[in-house]
Amino acid sequence: MTFEKTILCIGAGYVGGPTMAMIASQCPRCRVTVVDINPERIAAWNSDNLPIYEPGLDELVRATRGRNLFFSTDIEQGIRENEIIFVSVNTPTKSFGLGAGMAADLQYWEKTARQILEFSESSKIVIEKSTLPVKTALAMERILNCQENGIHFDVLSNPEFLAEGTAVRDLEHPDRILIGSRETDNGLKARQTLVDIYASWVPKERILTSNIWSSELSKLVSNAFLAQRISSINAISALCEKAEADVTEVSRAVGMDSRIGPKFLNASIGFGGSCFRKDILNLVYLCRNYGLDVVADYWESVVKINDYQQERFIRNMLGAMFNTLAGKRICLWGFAFKANTGDTRESPAIFIARRLLEEQAEIVVSDPKALGNARTDLTGVRGQIRYVEDPLQAAEGCHAIALLTEWDLYRNLDFPKIFDSMAKPAFIFDGRNILDHRRCFDIGFNVYPVGKPPLTHFLEER
Ligand code: UDX
Ligand code: UDX
């Protein structure tokens, strides 16, 4: 079969893999190849055991793999043979030198640009899929177009807005597709090529085009705004706990204002995930770099509130459990950074587990999809840790349950049975406010939600 377009994606991660599977599924006349430097990842993409868990992804990959979707480690050949190249390699926070802990580490990004230059035998469209600091496309253009050999590269920015756990749905029905380009003839032509690919399944009015810097910046700003809403409600949850208000009632009342809207107003133990923290710090670094310190401080406070919220959760546990956790066994329900994913990157559970171990508590980690990652995250951390998938077994003999991920399965467990199996007094700290608190209290638990008055059986607190 001859294909109308040939597409390569460098980086077979959480973004590259699902996004390319969707393009392959929606555009049968495009051949899509995904390459990665990590051979185990590629082997997993080629197996029945995909490297990431995402509802609907198995079916999508099964329907397209070997038809017009291919996974390979041959980056050189991939670059040579394809006309459109997405770059979706990771851009973590820099851990060394200038900007350490804040700026994006662009080494994989630049290395990939140089590989594209080295192996290309014809002109190509190169698309930034990774989230990058504004003006990165300029560096990419300068590297790619540094040779006078008749080969020309057009660089586009096409940030990905999918959320984990709903990646397949988000890719199929995106709120918007954003494509930034140079406003030159070549730039506009390249942009149209990408618009045509997405137009196979995305309604035209949802495909936005813009200048390339706006596109790069919009991704950072979208994530910053989303995280800011969470930090705003989490900040208010601290006040609710003091003022005997209920943060769920407050967020419902606030969110019913159509100008504010109801989404992303759930108080929690804080946001996790690979993007929010990294992207905000990146934005903060950019602002400081441009001398905009007041703007930088404003956005940095979103991360500070997130750290504060996680530490506050531990302090509430300590306070409730008579100021000592030493020797107590605490069960963690959930380790993933959100429900419906096995991903634990930047999960608040990592911080909470470490802090509990510092307090010399024993922990039992439970999660339906993330136990493998949890083990890796806690490797080398001192203290008593057990991993038990079944939430009932995990809670047996524990002094407290800390609910850290909003998995549906925790909502309707046999709570009387769980209560009976635990040490007394038994505590539940609901870090996601998903349980029926009154019911748990009636069973005998001392219940500590986020941003609501606790329900306890201790006389002095009633
Ligand atoms: C990544 C970025 O972290 C994020 O900023 C961006 O928005 C999208 O791409 P994600 O897909 O979640 O997000 O990252 P990850 O799952 O770590 O995947 C990146 C892949 O790139 C890895 O499989 C890694 O092996 C691969 N890679 C990295 C390369 O193929 N070549 C490299 O030089 C470096
Ligand atoms: C986010 C963005 O939503 C997505 O558009 C972008 O492409 C990548 O970053 P993701 O990190 O996968 O996606 O998950 P998201 O649903 O945004 O949740 C992030 C964190 O915020 C999770 O830890 C989640 O539990 C937390 N959260 C979310 C809250 O604490 N309260 C809320 O109301 C919503």
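Residue positions are given per chain, counting from 1 as you read along its sequence in written order. Each chain takes a letter, starting from A, and each ligand takes a number, starting from 1, following the order in which they are written. Owing to the predicted nature of the model, reporting of local features is limited to residues with pLDDT of at least 70; listing and counting of side-chain atom pairs is limited to 80 or more, with chain, interface and lining totals taken over all residues.

Trainee: What should I look at first to understand the overall build of the protein chain in this one?
Mentor: Each helix is a run of DSSP H or I of at least 4 residues and each strand a run of E of at least 2, with the numbering of both proceeding from the N terminus. The number of helices and strands found in the protein chain is 17 helices and 14 strands. Atoms counted for the radius of gyration: C-alpha only. Globule rule: 2.2 Å times residue count to the power 0.38. For the protein chain, the C-alpha radius of gyration of 24 Å lies close to 23 Å, the compact-globule estimate for 462 residues. Our contact criterion uses C-beta atoms placed from the backbone: two residues qualify when those atoms are within 7 Å. The contacts of the protein chain with a sequence gap of at least 6 include a subset with a gap of at least 24, amounting to 71%.

Trainee: Would you take a moment to explain the site of ligand 1 for this structure?
Mentor: Surveying the vicinity of ligand 1 reveals 23 residues, the closest of which are Gly11, Gly13, Tyr14, Val15 and Thr131. Examining the composition of the shell around ligand 1, we find that three residues originate from one element, helix H5 (residues 107-119), more than from any other. Nearness between a residue and a molecule or strand is assessed with a C-beta atom placed from the backbone; a distance within 6 Å qualifies.

Trainee: Explain helix H6 (residues 136-144) to me, please; I cannot follow it from the model alone.
Mentor: Think of an α-helix as turning once every 3.6 residues; residues three or four places apart then point the same way. Counting other C-beta atoms within 10 Å of its own, a residue is labelled buried from 20 upward, exposed at 12 or fewer, and partly exposed in the gap between, with every C-beta atom placed from the backbone. Of all the residues in H6, the buried ones are Thr136, Ala137, Met140 and Leu144. One side of H6 holds all its buried residues, which, seen down the axis, span an arc of 100 degrees. Against the buried residues of H6 lie H5, strand S5 (124-128), strand S6 (153-157) and helix H9 (212-243). This arc is taken over the directions from the axis of the helix to the C-beta atoms.

Trainee: When you look at the site of ligand 2 in this model, what are you seeing that I'm missing?
Mentor: Taken together, 19 residues form the shell around ligand 2, and within it Glu164, Asn266, Ser268, Phe271 and Gly273 come nearest. Counting residues per element, the shell around ligand 2 draws most heavily on H9, at three residues. Two domains each put at least three residues into the shell around ligand 2: domain 1 (5-202) and domain 2 (220-306). Where each domain begins and ends follows an automated or database-derived domain assignment.

Trainee: Sorry, what's going on with the sheet that holds strand S10 (residues 362-366) here?
Mentor: Think of a sheet as strands paired side by side through backbone hydrogen bonds, with each pair either parallel or antiparallel. As summarised here, the arrangement of the six strands in space is S11-S10-S9-S12-S13-S14, forming an open sheet in which the pairing is parallel. Here the strands that pair on one side only, and so sit at the sheet edges, are strand S11 (385-387) and strand S14 (446-449). Along the sheet, successive strands turn relative to each other by an average axial angle of 20 degrees, direction set aside. Sheet topology places strand S12 (residues 400-403) next to strand S13 (residues 427-430); four bridges connect them, and they run parallel. Within S13, the position partnered with Ala402 by the bridge is Phe429. When DSSP finds at least two bridges between two strands, those strands are taken to pair. Under this scheme, a helix contributes an axis fitted over its contacting stretch, all axes are lines through C-alpha atoms, and angles between N-to-C directions fall in the 0 to 180 degree range.

Trainee: I tried to follow the pairing of strand S2 (residues 30-35) on my own but got confused; where do I start?
Mentor: Within S2, five of the six residues are buried, which leaves it mostly tucked inside the rest of the structure. Across six bridges, the pairing between strand S1 (residues 5-10) and S2 is parallel. Along S2, the bridge assignment pairs Ile10 with Val35. Both S2 and strand S3 (residues 69-72) contribute to a ladder of four bridges, which runs parallel. The residue bridging Val32 from the neighbouring strand is Leu69, located in S3.

Trainee: For this particular structure, what's the right way to read the nonpolar core?
Mentor: Considering soluble globular proteins, one finds that nonpolar side chains tend to be buried as a cluster. Nonpolar core, as used here: buried Ala, Val, Leu, Ile, Met, Phe, Trp, Tyr and Cys residues forming one set through C-beta atoms within 7 Å. In this structure, Ile330, Leu332, Ala402, Leu403 and Ile428 are the most contacted members of the largest nonpolar core, which totals 73 residues. Tallying contributions element by element places helix H11 (residues 276-289) first for this core, with seven residues. Residue assignment places this core across two domains, with domain 2 (220-306) and domain 3 (308-461) each supplying three or more. Apart from the residues lying within four places of it in its own chain, the contact partners of Ile330 are Leu325, Leu356, Ala361, Ile363, Cys398, His399, Ala400 and Ala402.

Trainee: Explain the pairing of S6 here, please?
Mentor: Looking along a regular strand, one sees the side chains alternate between the two faces of the sheet. Most of S6 sits inside the fold, with five of its five residues counted as buried. With five bridges joining them, S5 and S6 adopt parallel strand pairing. For Lys124, the partnering residue across the bridge sits in S6 and is Phe153.

Trainee: What exactly am I supposed to notice about unusual backbone geometry here?
Mentor: Both trends apply: most residues other than glycine have a negative phi, and most peptide bonds are in trans. Note that the residue after Lys424, namely Pro425, is joined by a cis bond; omega there is -5 degrees. As for its placement among the helices and strands, Pro425 is situated in the loop between helix H16 (415-421) and S13. Residues other than glycine seldom take positive phi values, yet Asn323 does so here, at roughly 65 degrees. Looking at the secondary structure, you find Asn323 in the loop between helix H12 (293-320) and strand S9 (329-333). By C-beta crowding, Asn323 is classed as exposed, having 9 other C-beta atoms within 10 Å. In this structure, Gln360 takes a positive phi of about 70 degrees despite not being glycine.

Trainee: Whenever I open this one, the packing of H9 against helix H10 (residues 247-255) confuses me. Can you help?
Mentor: Helix-helix packing is described using two parameters, namely the angle between the two axes and the distance between the axes. As a packed pair, H9 and H10 sit with axes 9 Å apart at the nearest point and diverge in direction by 135 degrees. One way to sum up the angle between H9 and H10 is to call them oblique. Pair H9 / H10 crosses with right-handed handedness. Residue-level inspection shows Ile233, Ile236, Ser237 and Cys240 of H9 in contact with H10, the latter providing Val247, Val250 and Ser251. All amino acids are sorted into three groups, where Ala, Val, Leu, Ile, Met, Phe, Trp, Tyr, Cys and Pro are nonpolar, Asp, Glu, Lys and Arg are charged, and the leftover types, Gly among them, are polar. Here the residues of the contact of H9 with H10 sort into five nonpolar, two polar and no charged. With respect to orientation, any angle under 35 degrees is reported as roughly parallel, any angle over 145 as roughly antiparallel, any angle of 65 to 115 as roughly perpendicular, and every other angle as oblique. Throughout, a crossing is termed right-handed when the near helix is turned clockwise from the far one, and left-handed when it is turned anticlockwise from it by less than a right angle.

Trainee: Is there a simple way to explain the domain arrangement of the protein chain in this structure?
Mentor: Interface size is commonly expressed as the accessible surface area that is lost when the partners come together. Each domain of the protein chain was delimited in the assignment, giving domain 1 (5-202), domain 2 (220-306) and domain 3 (308-461). When each unit is reduced to the centre of its C-alpha atoms, the spacing between domain 1 and domain 2 is 29 Å. Taken together, the contacts link 11 residues of domain 1 with 11 residues of domain 2. For the side of domain 1 that touches domain 2, the per-class residue count stands at seven nonpolar, three polar and one charged.

Trainee: Please clarify how the packing of H9 against H12 should be interpreted in this entry.
Mentor: Contact geometry for H9 and H12: axes closest at 9 Å, N-to-C directions at 45 degrees. On the basis of their axis angle, the class for H9 and H12 is oblique. Here H9 runs over H12; the crossing is left-handed. Contacts between H9 and H12 pair Ala224, Ala227, Gln228, Ser231, Asn234, Ala235 and Ala238 from the former with Trp299, Val302, Ile305, Asn306, Gln309 and Arg312 from the latter. Looking at side-chain class alone, the contact of H9 with H12 contains seven nonpolar, five polar and one charged residues.

Trainee: Please explain H11 as it appears in this structure.
Mentor: Here the expected span of a helix is defined as 1.5 Å times the quantity of residues minus one. With 14 residues, H11 extends 20 Å between its outermost C-alpha atoms, agreeing within 8% with the 20 Å of an ideal straight helix rising 1.5 Å per residue. Buried residues dominate H11, accounting for 11 of its 14 residues.

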